[in-house]
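# Results of the structural survey
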Amino acid sequence: MDSVSQIVLGASIAAVIAHKQLGHSTLVIGAVLATLPDLDVLLPATDAVTRFTDHRSFSHSLFILFPFAFICFAFLKFSFKRKRTKVIISNQRLFWLCCLPLVTHPMLDAFTSYGTQLFWPLAVHPLSIASIFAVDPLYTLPLLIGCVYLWRNGENEKKAKARRINQIGLILSSGYLLLGLFLQTQVQKRVEAVLQVNNIAQDKIFISPLYPSLNWWGAIVVDNGVYYNVEVNVLTSTSELSVKQDLGYGQLDVYPPALTSLDWFTNGFIRLENIDGQLVATDLRMKTGQLDYAFKFALAEKRNDGWKAISPLRL
């Protein structure tokens, strides 16, 4: 999800846990902790594909974040001891204050199409539930309103009301996530019905929202070197199946190492094309509009003797 959503989710959760004990500090602590997993984007990468596949890896792993939460707990415990004003908060509450903003970050990311390596370093495909668009104001606004209201009124006579509003915002945003999961199951049934009518295999399907709403959904269906797009409108109950399209693997006479990484990261939802003499790999899971896609990489160049692998470039 986008950074704003992650910040307000972390702040909102932290406030529910310990605003009564720590006041506005909880909002700051939660926002900072919820930001930390995405700092992996600052690390150097050898090429564009490595940067793409390494994002949301170790820094989003539950095996890393749980132990890191204990480090944050020890740091805050030590900081509070050094303060002149005594801070009264139980060790259990302080630990969950450190832990939940951290671990809910990758868990929220897993609901998007990108893919999150929750169980790094285990060699499993990144988790991509794909039931919410990466930037969705309808998810973010309840959290943002709750955090802003609590910040402005959390230390005056309205503080009890402010905490309730923050809790309501968290409940509404969580309910929106559940709504996305429910609608996704309904869309899958419609997609499977369309495929059955057209005698298309249903073994490999990826379903996700097409825009920042839960009305328009798209499905990518892969079947023996070809793929289909299915678009579904939830409100009008309409479905549209595209013509059969080639995945492009038949033109390969070389298999660039970066393609192996992309194929693993996307679970095979990759299209290959010859564009101006470059072998371009497109991640079919993430559309930026009706026709374009968010992630395209040039992996090789066409030479007289065939394809020559190059250092991957994002287009």
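The shown structure was predicted, so the numbers you read here are calculated from the model rather than taken from an experiment.

### A closer look at a nonpolar patch on the surface
On the surface, Leu43, Phe58, Phe63, Ile64, Phe119, Trp120, Leu122 and Val124 cluster together to form a nonpolar patch covering roughly 690 Å² of accessible area. Secondary-structure assignment places Phe58 in the loop between helix H3 (48–54) and helix H4 (62–82). Since its relative accessible area comes to 33%, Phe58 is described here as partly exposed.

### Brief notes about the pattern of salt bridges
One side chain can pair with another of opposite charge once the charged atoms of both are near each other. What the rule picks out here adds up to six salt bridges. Among the salt bridges present, the one from Asp109 reaches Arg56, with a minimum N-O distance of 3.5 Å. Taken together, the positions of Asp109 in helix H5 (residues 91–109) and Arg56 in the loop between H3 and H4 put the pair 53 residues apart, joining distant regions of the chain. Classification of Asp109 as buried rests on a relative accessible area of 0%. Between Glu273 and Arg271 there is a salt bridge whose closest N-O contact spans 3.2 Å. By relative accessible area, which is 25% here, Glu273 ends up partly exposed.

### Section: helix H6 (residues 137–153)
Between its terminal C-alpha atoms H6 stretches 23 Å, which fits the 24 Å expected from 17 residues at 1.5 Å a residue. Among the structural elements, helix H1 (3–22), helix H2 (25–35), H5 and helix H7 (159–197) are those in contact with the buried residues of H6.

### Side note on the environment of Ala160
In this structure, Ala160 sits in helix H7. We classify Ala160 as partly exposed; its relative accessible area is 41%. In the structure, Ala160 is positioned 23 residues away from Leu183 in sequence and 35 Å away in space, judged by C-alpha atoms.

### Re the nonpolar core
Judged by nonpolar contacts, the single largest core of 57 residues is most densely connected at Leu97, Tyr139 and Val191. At nine residues, H1 tops the list of elements feeding residues into this core. Among residues more than four places away in sequence, those in contact with Val191 are Ile205, Ile207, Ala219, Val230 and Val232. Counting 18 residues, the second-largest nonpolar core is a separate cluster that includes Val49, Phe52, Ile270 and Leu279.

### Here's the deal with the packing of H2 against H5
Between H2 and H5, whose axes approach to 8 Å, the crossing angle comes to 40 degrees. Classified by the angle their axes make, H2 and H5 are oblique. Considering only the axes of H2 and H5, their crossing is right-handed. Residues Ile29, Gly30, Leu33 and Ala34 of H2 form the contact with H5, whose participating residues are Leu97, Cys98, Pro101, Leu102 and His105. Taken together, the residues of the contact of H2 with H5 break down into seven nonpolar, two polar and no charged.

### Examining the sheet that holds strand S8 (residues 296–303)
If you walk across this open sheet you meet the four strands as S6-S7-S8-S9, and the pairing is antiparallel. The open sheet has two free edges, formed respectively by strand S6 (270–275) and strand S9 (306–314), since each of these has just one partner strand. Strand after strand, the sheet turns through a mean of 25 degrees between neighbouring axes, direction not considered. Examined bridge by bridge, S6 and strand S7 (residues 278–283) share six bridges and lie antiparallel to one another. Looking at the pairing, Ile270 lines up with Asp283 of S7.

### Quick notes on the packing of H1 against H7
Where H1 meets H7, the axes come as close as 10 Å, and the angle between the chain directions of the two elements is 140 degrees. Overall, the two elements H1 and H7 adopt an arrangement that is oblique. Read as a crossing pair, H1 and H7 show a hand that is left-handed. For the pair formed by H1 and H7, the contact residues are Leu9, Ser12, Ile13, Ala15, Val16, His19 and Lys20 on the first element and Arg163, Asn166, Gln167 and Leu170 on the second. Its residues placed into classes, the contact of H1 with H7 shows five nonpolar, four polar and two charged.

### Some thoughts on unusual backbone geometry
Looking along the chain, the bond that leaves Trp120 and enters Pro121 is cis, with omega of 10 degrees. Considering the arrangement of structural elements, one finds Pro121 in the loop between H5 and H6. Positive phi values are uncommon outside glycine, yet Ala130 reaches one of about 60 degrees. On the basis of relative accessibility, which here comes to 0%, the residue Ala130 falls in the buried class.

### Remarks on the state of the cysteines
Put plainly, a disulfide is one covalent bond tying together the sulfur atoms of two cysteines. Applying the stated criterion across every chain, the model contains zero disulfides. Lacking any disulfide linkage, Cys99 is separated from the closest cysteine sulfur, that of Cys98, by 8.5 Å. For Cys147, which is in no disulfide, the shortest distance to another cysteine sulfur is to Cys98 and amounts to 17 Å.

### Description of the pairing of S9
When a strand is regular, its side chains alternate between the sheet's two faces. Sheet analysis places S8 next to S9, joined by six bridges and oriented antiparallel. The partner of Arg303 across the bridge, within S9, is Gly306. Linking S8 back to S9 in an antiparallel pair, the connection comprises two residues.

Each value, and the rule that gives it
Residues numbered from 1 in each chain as written. Predicted model: local features only at pLDDT ≥ 70, side-chain atom pairs only at ≥ 80, totals over all residues. Heavy atoms only, no water. Patch = residues over 30% accessible without salt bridge, like charges linked within 9 Å, V, L, I, M, F, W, Y side chains within 5 Å. Areas by Shrake-Rupley, 256 points an atom, 1.4 Å probe, with all protein chains shown as cover. Salt bridge = Lys/Arg side-chain N within 4 Å of Asp/Glu carboxyl O. Helix = DSSP H or I, 4+ residues; strand = E, 2+ residues; numbered from the N terminus. Buried < 20%, exposed > 50% of the residue type's maximum accessible area, 1.4 Å probe, protein only. Expected span 1.5 Å × (residues − 1). Contact = heavy atoms within 4.5 Å. Core = buried A, V, L, I, M, F, W, Y, C linked by side-chain atoms within 4.5 Å. Axes fitted to C-alpha atoms, helices over the stretch in contact; angles between N-to-C directions. Parallel < 35°, antiparallel > 145°, perpendicular 65-115°, else oblique. Left-handed = near helix turned anticlockwise from the far one by under 90°. Nonpolar A, V, L, I, M, F, W, Y, C, P; charged D, E, K, R; others polar. Pairing = 2+ DSSP bridges. Disulfide = S-S within 2.5 Å.

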